[in-house]
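# Summary of the model geometry
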Amino acid sequence: MADIELRVAETIKTRQMIVEGDRVAVALSGGKDSTALLLLLSRLIPAWQNVQLIAVTIDEGIAGYREATVKAAEDLAHRLGIEHHCISFPDLFGDSLDVLLKGRETQACSICGILRRKALVVAAQRAGATKLATGHNLDDEAQSVFMNVLRGDLPRLIRNSGADSKGTFIPRIKPLSFIPEKEIAAYLILKNAWNELPECPYTRYALRREVRLILSDFEYRHPGTMLHLMESKEKIGLSCAGSVIAAPLRTCRTCGDPSSGDLCQVCLLLRSLGR
Ligand code: SF4
Ligand code: ZN
């Protein structure tokens, strides 16, 4: 446990993820990664000068899954005495994810991902946060690198997550991005915080699920594979610096958010869903 806490503290320090005066919002889904992140930050942050920790939860509205995880998030924040804010898809987008997805279940994760990113930024802004911390671990990050390679999406491959938030003024940070999923599970078990929770019913449609199996198998047979993928991303990013030109930023005609086109990704998606 002490080793994980030390490595997370070092990642935060060397990458200057959190600085004095920050109000850090943890994106707390109630699942194991965000639970571990909140536990870790609640141990580390009190020792740092003038940094506040809060939690934000998005209830997408996924029947049979979200009720239990939202409750787990509320219970954890309450137990740790951490300010907690929760907003739902119906509040922001008019309907639950289950309703928005009718007939489009195979696209669940891409639709959910776009809307949840927006919801997290809104929740963090409403809570006055200066940083948004997500629980992505080493496995998640390596899977994203591999998926972007499979899709041939070079701009997304080399993008750094802090830059994802351009225009929102709330940089995203991923303090667990060098901690393997198995170590996070071990940390939770040792902390007596392991909670068996239901799995999202839409995961069966996710490309990530297949990539996860392939990479776990590779990591088992060739330890270090995931870290090497992360190194590849950084090296490709360095050698491509300046040669991949991002589209100039404009303002979304509907919501005013930064956008590369006339409408931002969220407004385009909502329009395609008939909202
Ligand atoms: Fe959303 Fe897909 Fe995650 Fe379910 S598995 S919560 S649909 S991103
Ligand atoms: Zn918009």
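Up top is the structure.
Now for a quick tour of the structure. Note that the coordinates shown come from a computational prediction; the quantities given were computed from them, not determined experimentally.

About the criteria used
- Residues numbered from 1 in each chain as written.
- Chains lettered and ligands numbered in written order.
- Predicted model: local features only at pLDDT ≥ 70, side-chain atom pairs only at ≥ 80, totals over all residues.
- Heavy atoms only, no water.
- Near = heavy atom within 4 Å.
- Nonpolar A, V, L, I, M, F, W, Y, C, P; charged D, E, K, R; others polar.
- Buried < 20%, exposed > 50% of the residue type's maximum accessible area, 1.4 Å probe, protein only.
- Helix = DSSP H or I, 4+ residues; strand = E, 2+ residues; numbered from the N terminus.
- Pairing = 2+ DSSP bridges.
- Right-handed = clockwise from strand over helix to strand, strands pointing away.
- Contact = heavy atoms within 4.5 Å.
- Expected span 1.5 Å × (residues − 1).
- Polar contact = N/O pair within 3.5 Å; in protein donor to acceptor, adjacent residues only side chain to side chain.
- Donors = N, O, S within 2.8 Å, 3.2 Å for Na, K, Ca; no water.
- Tetrahedral: all angles 85-135°; square planar, octahedral: opposite > 155°, others 65-115°.
- Axes fitted to C-alpha atoms, helices over the stretch in contact; angles between N-to-C directions.
- Parallel < 35°, antiparallel > 145°, perpendicular 65-115°, else oblique.

### Some words on the site of ligand 1
Taken together, the neighbourhood of ligand 1 is formed by Ile62, Cys109, Cys112, Arg116, Cys200, Tyr202 and Thr203. For the shell around ligand 1, a count of residues per class yields five nonpolar, one polar and one charged.

### Overview of the pairing of strand E1 (residues 23-27)
Across the five residues that make up E1, a large majority, five, are buried. Here E1 shows two buried faces, one formed by Arg23, Ala25 and Ala27 and the other by Val24 and Val26. Bridging between E1 and strand E2 (residues 52-59) involves five bridges; their strand directions are parallel. Bridging across to E2, Arg23 finds its partner in Gln52. Handedness of the E1-helix H2 (residues 32-44)-E2 crossover: right-handed.

### Some points on the side chain of Thr69
Relative to the helices and strands, Thr69 is located in helix H3 (residues 66-80). Relative accessible area serves as the criterion here: at 2%, Thr69 is assigned to the buried category. Other than its neighbours up to four places away in sequence, Thr69 contacts Ser29, Gly30 and Leu197.

### Quick notes on helix H7 (residues 138-151)
The first and last C-alpha atoms of H7 sit 20 Å apart over 14 residues, in line with the 20 Å expected at 1.5 Å per residue. Of all the residues in H7, the buried ones are Leu138, Asp139, Asp140, Glu141, Ala142, Gln143, Val145, Met147 and Asn148. Against H2, helix H8 (154-158), helix H9 (181-190), helix H10 (207-221) and helix H11 (225-240) lie the buried residues of H7. Looking at where H7 begins, the residue whose side-chain oxygen comes 2.9 Å from the main-chain nitrogen of Asp139 is Asn137. Downstream of H7 by one or two residues, Gly152 has phi in the positive range, about 70°.

### Let's talk about the coordination of the zinc ion (ligand 2)
Protein ligation of the zinc ion (ligand 2) involves Cys252 (SG), Cys255 (SG), Cys264 (SG) and Cys267 (SG), the donor distances falling in the range 2.3 Å. Taken together, the four donor atoms surrounding the zinc ion (ligand 2) define angles of 107 to 114° at the centre, an arrangement classified as tetrahedral. Sequence spacing among the residues donating to the zinc ion (ligand 2) works out to C-x2-C-x8-C-x2-C.

### So, the sheet that holds strand E4 (residues 131-133)
Ordered in space as E3-E2-E1-E4-E5, the five strands form an open sheet in which the pairing is parallel. The two strands at the open ends of the sheet, each matched to only one other strand, are strand E3 (84-88) and strand E5 (172-173). Taken strand by strand, H2 contacts E1, E2 and E4, and its axis lies near 155° from that of E1.

### Let's talk about the packing of helix H1 (residues 2-14) against H2
Packing of H1 against H2 brings their axes to within 10 Å, and their N-to-C directions diverge by 80°. Taken together, the axes of H1 and H2 lie roughly perpendicular to each other. Touching Ile4, Glu5, Val8, Ala9 and Ile12 of H1 are Leu40, Leu41, Arg43 and Leu44, all from H2. Residue classes in the contact of H1 with H2 are distributed as seven nonpolar, no polar and two charged.

### Concerning the pairing of E3
Here five bridges tie E2 to E3, and the two strands are oriented parallel to one another. Counted as the bridge partner of Asp59 is Ser88 from E3. Assessed by its sense of winding, the connection that carries the chain from E2 through H3 to E3 is right-handed.

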